[in-house]
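For reference, the chains in residue letters:
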Amino acid sequence: MSATCDISLDSILQNVGMLPSPPHAILEIIRTLEDGDASAETLARKIEADMGLLAHVLRLVNTSYYATEGRVSSIQQAIMLLGLNEIRNLACMHGIADYFQEQGATNFDYKSFICHSAGVSCVARQLARPALLNPDTAFVAGMLHDIGQLALAITLPQQFERVLDYRRTHNCTLEEAELAIIGIDHAQVGGNLMRHWHLPEEICEAIAYHHQTADIAMFCSPMSDLLHVSEVLAHALELGSSEQVPFMDENAIPRLGLTREQLAHSFGKIEEDYCDLLNILGIH
Amino acid sequence: MVLQRDVVDARGRILLRTGVALTEQTIASLQRREIGHICIAVADQRNEDELAKERRQTVAHLNELFRNVRREGYMGALYHMVMKHRLKDMAL
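These figures come from a predicted structure and were not determined experimentally. Residue positions are given per chain, counting from 1 as you read along its sequence in written order. To label them, take the chains in the order written and letter them from A, then take the ligands in the order written and number them from 1. Side-chain atom pairs in this predicted model are given and counted only at pLDDT of 80 or more, local residue features only at pLDDT of at least 70, and totals for whole chains, interfaces and linings cover all residues. Side-chain figures throughout are based on the complete set of non-hydrogen atoms in the structure, without hydrogens or water.

Here the focus is the packing of aromatic side chains. Geometrically, a pair of aromatic rings is defined through the distance of the ring centres and the angle of the planes. Pairing of aromatic side chains here covers Phe, Tyr and the six-membered ring of Trp, requires ring centres within 6.5 Å, and sorts the geometry by plane angle: under 30 degrees stacked, over 60 edge-to-face, intermediate tilted. Summed over the entire model, instances satisfying the criterion amount to 7 aromatic pairs over all chains. Relative to F113 of chain A, the ring of F108 of chain A has its centre 5.1 Å away and its plane inclined at 65 degrees; by these criteria the two rings are edge-to-face. Here the aromatic rings of F66 of chain B and Y79 of chain B are separated by 5.3 Å at their centres, their planes lie at 80 degrees, and the arrangement is edge-to-face. Residue F66 of chain B is located in the loop between α2 (48-65) and α3 (73-87), and its partner Y79 of chain B is located in helix α3; the two are separated by 13 residues in the primary sequence. To qualify as a helix, a DSSP run of H or I must reach at least 4 residues; to qualify as a strand, a run of E must reach at least 2; elements of each kind are numbered from the N terminus.

Residues and elements named next belong to chain A. What the domain assignment lists for chain A is domain 1 (1-20 + 108-284) and domain 2 (22-102). Start and end positions for the domains come from either an automated domain assignment or a database one. Taking only C-alpha atoms into account, the centre of domain 1 sits 24 Å from that of domain 2. Contacts are assigned to residue pairs that have any heavy atoms within 4.5 Å of one another. Contacts between domain 1 and domain 2 engage 25 residues on the former and 20 residues on the latter. Throughout, the accessible surface (probe 1.4 Å) given up by two parts as they are put together, summed over both, is called the buried area. A combined buried area of about 2100 Å² lies between domain 1 and domain 2, and 74% of that area is made up of carbon and sulfur atoms. The term salt bridge refers to a side-chain nitrogen of Lys or Arg lying within 4 Å of a carboxyl oxygen of Asp or Glu. At the surface where domain 1 touches domain 2, the tally comes to 0 salt bridges. Those elements that place two or more of their residues in the side of domain 1 that touches domain 2 are α7 (110-128), α8 (135-144), α9 (147-155), α13 (201-208) and α16 (260-281). If one sorts the elements of the side of domain 1 that touches domain 2 by residue count, α8 sits on top with 6 residues. Classification convention: Asp, Glu, Lys, Arg as charged; Ala, Val, Leu, Ile, Met, Phe, Trp, Tyr, Cys, Pro as nonpolar; all other residues, Gly among them, as polar. For the side of domain 1 that touches domain 2, the class distribution of residues is 18 nonpolar, 3 polar and 4 charged.

So, on to the domain arrangement of chain B. One can read the domain layout of chain B as domain 1 (1-43) and domain 2 (48-87). The distance between the C-alpha centroids of domain 1 of chain B and domain 2 of chain B comes to 33 Å.

Listed as interface residues are 36 residues of chain A and, on the opposing side, 27 residues of chain B. Summed over both sides, the interface between chain A and chain B buries roughly 2700 Å², with carbon and sulfur atoms accounting for 54% of that surface. Looking only at chain A, the three residues that lose the most surface to chain B are V245, E250 and R260 of chain A, adding up to 20% of its buried area. Viewed at the interface, chain B and chain A are joined by 1 salt bridge. The residue E271 of chain A makes a salt bridge to R86 of chain B at a minimum N-O spacing of 3.1 Å. Within 3.5 Å is the distance limit for a polar contact, defined as a pair of N or O atoms, with the added protein rule that one can donate a hydrogen and the other accept it, and that residues adjacent in sequence qualify only through two side-chain atoms. Along the contact surface separating chain A from chain B lie 11 residue pairs in polar contact (both at pLDDT 80 or more).

All names here are of chain A. With respect to the helices and strands, the residue E175 is situated in helix α11 (residues 174-181). Buried within the structure, E175 lacks any salt-bridge partner; R167 is the closest side chain of opposite charge, at an N-O distance of 7.0 Å. Of the polar contacts made by the side chain of E175, one reaches the side chain of H211; its length is 3.2 Å. With residues near it in sequence (within four places) discarded, E175 still touches D185, H186, H211 and P246. Here the term buried applies to any residue with accessible area under 20% of the maximum for its type, exposed to any over 50%, and partly exposed to those in between, with areas from a 1.4 Å probe on protein chains only. Under this rule, positive means Lys or Arg and negative means Asp or Glu; His and the chain ends count for nothing.

Turning our attention to a negative patch on the surface. Residue and element names in this part refer to chain A. A surface patch of like charges, here negative, comprises E34, D35, D37 and E202. Within the element layout of this structure, D37 appears in the loop between α2 (24-31) and α3 (40-48). On the basis of relative accessible area, D37 is assigned to the exposed category, the value being 70%. Only residues whose relative accessible area exceeds 30% and that form no salt bridge are eligible for patches; like-charged ones are grouped when within 9 Å, while nonpolar side chains (Val, Leu, Ile, Met, Phe, Trp, Tyr) are grouped when within 5 Å. Note on areas: Shrake-Rupley, 1.4 Å probe, and residue coverage restricted to the protein chains presented here. Charge positions are represented by NZ for Lys, CZ for Arg, CG for Asp and CD for Glu.

In this section: the side chain of T155 of chain A. Inspection of the secondary structure puts T155 of chain A in helix α9. From its side chain, T155 of chain A meets the backbone oxygen of A151 of chain A in a polar contact 2.6 Å long.

This is the structure:
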């Protein structure tokens, strides 16, 4: 399959690297995932450094979903009530969803994009536990996994439009269309962008290989296997809009140590989590 | 009206258990605690013809969704697991 776009891969990655990054506070909060000893105080300080983020997290914590009996007026109080991981996930989820919407790409369906990202996050978090991986890292990786699509839509709008046309006319997956038109897919672009933003390598690699094929599977980390399986399951369960279920590397599930029964039993809980997440994000 | 999912507070404490019949008093109590939504069990009123039609539509929809993958090995298993999950509430 040869690319029909006359822009070099280096140039594409350079363009993508110029995309505005999310607020510093969000990147700092995501980086705390690497620090197993991150304290409540450290997290609270990072959230408080961004007044907009602080206000949004407090607003979310005070919604009926969390049923907080009294009004929560500080991040320290929120962490005490709901736990450090829940507050970190809330801050990341909100910051990432906001960042996506602020980018202003034309011809880009933000709602579907956020719904799909939320769906993959829910599957990844649910399957992370039996796969003995960190559910919070899995959740954030899920939220960010398709960021390469957004980067391509913003930095190469005309080519991305041709990618969407190609997918429609050839009845293929988005990544096949990207490779045919641009010569690089959104997973590689997203992985590069995450490295450019100095996010944890576990997340960068997972995003870069979430559309893995069997021939590169030997290089894939457990987190990229998890994201790959989560992507397929999110499409199969139609969490967000789904046109077709993509290819899945057959060996990814046994590599994660998951059984078919564990997958089947997780469906109901994943769907409940997904509904809850959309409620929290105010998406209906 | 019967609860289909436990209602819990932010600390995970169960306020009302699945299966509890909701009264005006319990609904008012949930409102006072600002519980915005709950899941209730609704009696299935679909007849056999309607269920059969929904099953056919579900099967056709999933076949379309899985159209470009070979239904063998784990993909085949996934197809059948999702089908079973989707059809579980449409038993004749």
